[in-house]
Amino acid sequence: MFEKDLAAELFNTVFEQDAYGMALRSVDPEKPFWLDANNKFCEIFGYTRDEILQLTSLDISYPEEQDEAIERNRRLLRGEIKSYSREKRYIHKDGHVVWTNIWLS
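Residues numbered from 1 in each chain as written. Predicted model: local features only at pLDDT ≥ 70, side-chain atom pairs only at ≥ 80, totals over all residues. Heavy atoms only, no water.

Visitor: Honestly, the pattern of salt bridges in this entry has me stumped. Any pointers?
Guide: Side chains that differ in charge, positive against negative, can pair when their charged atoms come close. Counted by the stated rule, this structure contains 14 salt bridges. Salt-bridge contacts for Glu65 lead to Arg86; the nearest nitrogen and oxygen are separated by 3.8 Å. On the criterion of sequence distance, the pair formed by Glu65 in the loop between α4 (57-60) and α5 (66-78) and Arg86 in strand β3 (residues 84-91) is long-range, its members being 21 residues apart. Pair check on accessibility: Glu65 and Arg86 agree, each one buried. Residue Glu71 pairs with Arg78 through a salt bridge whose shortest N-O separation is 3.1 Å. Take Glu71: its relative accessible area is 33%, and that puts it in the partly exposed class. Overall, the relative accessible area of 47% leaves Arg78 in the partly exposed class. Through salt bridges that share partners, Glu30, Glu71, Arg74, Arg75, Arg78 and Glu80 make up one connected network. (Salt bridge = Lys/Arg side-chain N within 4 Å of Asp/Glu carboxyl O. Helix = DSSP H or I, 4+ residues; strand = E, 2+ residues; numbered from the N terminus. Buried < 20%, exposed > 50% of the residue type's maximum accessible area, 1.4 Å probe, protein only.)

Here it is as structure tokens:
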């Protein structure tokens, strides 16, 4: 049990203090809600953690990229792919476009 506690503590420390934006989200392709996000992730998109946790990834995705995101997430759920990475555009809270490199698994 001690090793699991230590591993969880280590994960939480890395997640919270990472210099990169990191988030966990649900696997539902149609409603991919954010489950957690670190401070850097929130800073990148201009939202507080409470605000971002009320949104889905589609809510802040660039409109022309939403259908592709849904399809890739469906492929993940079906087991056709184990992960993917790509360059993606999101919409910052103030309306400007944020270019990111994402990795999902």
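Visitor: Sorry if this is basic, but what is going on with α5 here?
Guide: One turn of the α-helix equals 3.6 residues, which is why residues spaced by three or four share an orientation. Between its first and last C-alpha, α5 extends 19 Å over 13 residues, near the 18 Å set by a 1.5 Å rise per residue. In this fold, the buried residues of α5 make contact with β1 (23-25), α4, β3 and β4 (97-104). Of the residues flanking the end of α5, it is Gly79, one or two places downstream, whose phi is positive at about 80°. (Expected span 1.5 Å × (residues − 1). Contact = heavy atoms within 4.5 Å.)

Visitor: Looking at this model, I keep getting lost on the nonpolar core. Mind explaining?
Guide: Soluble globular proteins: nonpolar side chains tend toward being buried together. Within the largest apolar cluster, 16 residues are counted, with the highest numbers of intra-cluster contacts made by Trp34, Phe45, Ile52 and Ile60. Broken down by secondary-structure element, the contributors of at least two residues to this core are β2 (34-37), α2 (39-45), β3 and β4. Not counting residues up to four positions away in its chain, the partners in contact with Trp34 are Ala23, Leu24, Arg25, Phe41, Ile52, Leu53, Leu55, Thr56, Ser57, Ile60 and Tyr90. (Core = buried A, V, L, I, M, F, W, Y, C linked by side-chain atoms within 4.5 Å.)

Visitor: Whenever I open this one, the side chain of Lys88 confuses me. Can you help?
Guide: With respect to the helices, strands and loops of the structure, Lys88 is situated in strand β3. A polar contact of 3.1 Å, which involves the side chain of Lys88, links it to the side chain of Ser61. Those residues in contact with Lys88, other than ones at most four positions away along the chain, are Ser61, Glu65, Ala69, Val98, Trp99, Thr100 and Ile102. (Polar contact = N/O pair within 3.5 Å; in protein donor to acceptor, adjacent residues only side chain to side chain.)

Visitor: Mind showing me how you'd approach the environment of Ala69 here?
Guide: As for its position among the elements, Ala69 is in helix α5. Taking the relative accessible area as the measure of exposure, Ala69 reaches 7% and is therefore buried. Taking the C-alpha atoms as reference points, Ala69 and Asp50, 19 residues apart in sequence, are found 24 Å from one another. Beyond its immediate chain neighbours, meaning those up to four positions away, Ala69 contacts Tyr84 and Lys88.

So yeah, pure geometry; function would need other evidence.
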